[in-house]
Amino acid sequence: MIKKAEFVVSNSDPSKCPKPERAEIAFIGRSNVGKSSLINMITGKKDLAKTSQKPGKTQLINHFMINDQWFLVDLPGYGFAKVNVKVKEGWGNMIKTYLTKRSNLCGVFVLIDSRLEPQKIDLEFLLWCGVNGVPAALIFTKADKQSKTKTNQNVQKFLKKTEEIFEEAPDYFVTSSETGFGKESLLDFIDELVKE
Ligand code: GDP
């Protein structure tokens, strides 16, 4: 249960993030995947994470303090079609440094749009996580947008693809920010991660 959620700081330089003295959980995914909506849904704060960030806007690592206990981190989305190479490189360097160097990072949730067939950009990012030992779990978003059957089909297709990346299937959650579906199981899982 999240009782308290406060914005702490935004950074473009991973080395300037808050002191790593609390457990930390990060969220990442393609732009428009529903990341801000999910963060707002699980924290119960409507405007905590800013929805619909525009491509080209400064890409920042956003830290929030949860229950005075752990950091929730909103990472900038990937896959903006119109972003130029320089911005893409900047994103890559910042995120890769953050994900590989952040000593208090307990887990990274990679958000996947449950309406779509497996997307190359998501699989490539997961592969990078696997190769670099970044502890990734999956969140399939927007489950309210189609039938349960369709969602399950897409989830299974995606999981099948991850067999080529991970020896063990990654943990995964199916969610809807619209209905709150999946909130409890996700928060239970996070509780365990930040306790360890
Ligand atoms: P972000 O770019 O990943 O932060 O994505 P946003 O949270 O801004 O969401 C992108 C769009 O998808 C917005 O129009 C949201 O209202 C919509 N959206 C996000 N999550 C859900 C969901 O679970 N269900 C439905 N129906 N729409 C969603």
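Residues numbered from 1 in each chain as written. Predicted model: local features only at pLDDT ≥ 70, side-chain atom pairs only at ≥ 80, totals over all residues.

Another aspect to go through is the overall build of the chain. Across its full length, the chain holds five helices and seven strands. Taken from the N to the C terminus, the helices and strands of the chain come in the order β-β-α-β-β-α-β-α-β-α-β-α. By the compact-globule yardstick of 16 Å for 196 residues, the chain fits well, its C-alpha radius of gyration being 16 Å. Within the chain, the proportion of its 196 residues that are buried is 36%. Once local pairs closer than 6 in sequence are excluded, the contacts in the chain between residues at least 24 apart make up 77%. (Helix = DSSP H or I, 4+ residues; strand = E, 2+ residues; numbered from the N terminus. Rg over C-alpha atoms; globule rule 2.2 N^0.38 Å. Buried ≥ 20, exposed ≤ 12 C-beta atoms within 10 Å, placed from the backbone. Contact = placed C-beta atoms within 7 Å.)

On to the nonpolar core, then. Core analysis: the biggest nonpolar cluster contains 43 residues, and F27, V73, V108, V110, L111 and I139 have the highest contact counts within it. Counting residues per element, this core draws most heavily on strand β5 (residues 105-113), at five residues. (Core = buried A, V, L, I, M, F, W, Y, C linked by C-beta atoms within 7 Å.)

Moving on to the sheet that holds strand β7 (residues 172-174). What the seven strands build is an open sheet, ordered β1-β3-β4-β2-β5-β6-β7; its pairing is mixed. The sheet terminates laterally at β1 (5-11) and β7, the two strands that pair on one side only. Averaged over all pairs of adjacent strands, the angle between strand axes in this sheet comes to 25°, irrespective of strand direction. Inspection of the sheet shows β5 paired to strand β6 (residues 136-141) by six bridges, in the parallel sense. Counted as the bridge partner of V110 is L138 from β6. Sheet contacts for helix α5 (residues 183-195): β2 (23-29), β4 (70-74), β5, β6 and β7; angle to β2, the most-contacted strand, approximately 135°. (Pairing = 2+ DSSP bridges. Axes fitted to C-alpha atoms, helices over the stretch in contact; angles between N-to-C directions.)

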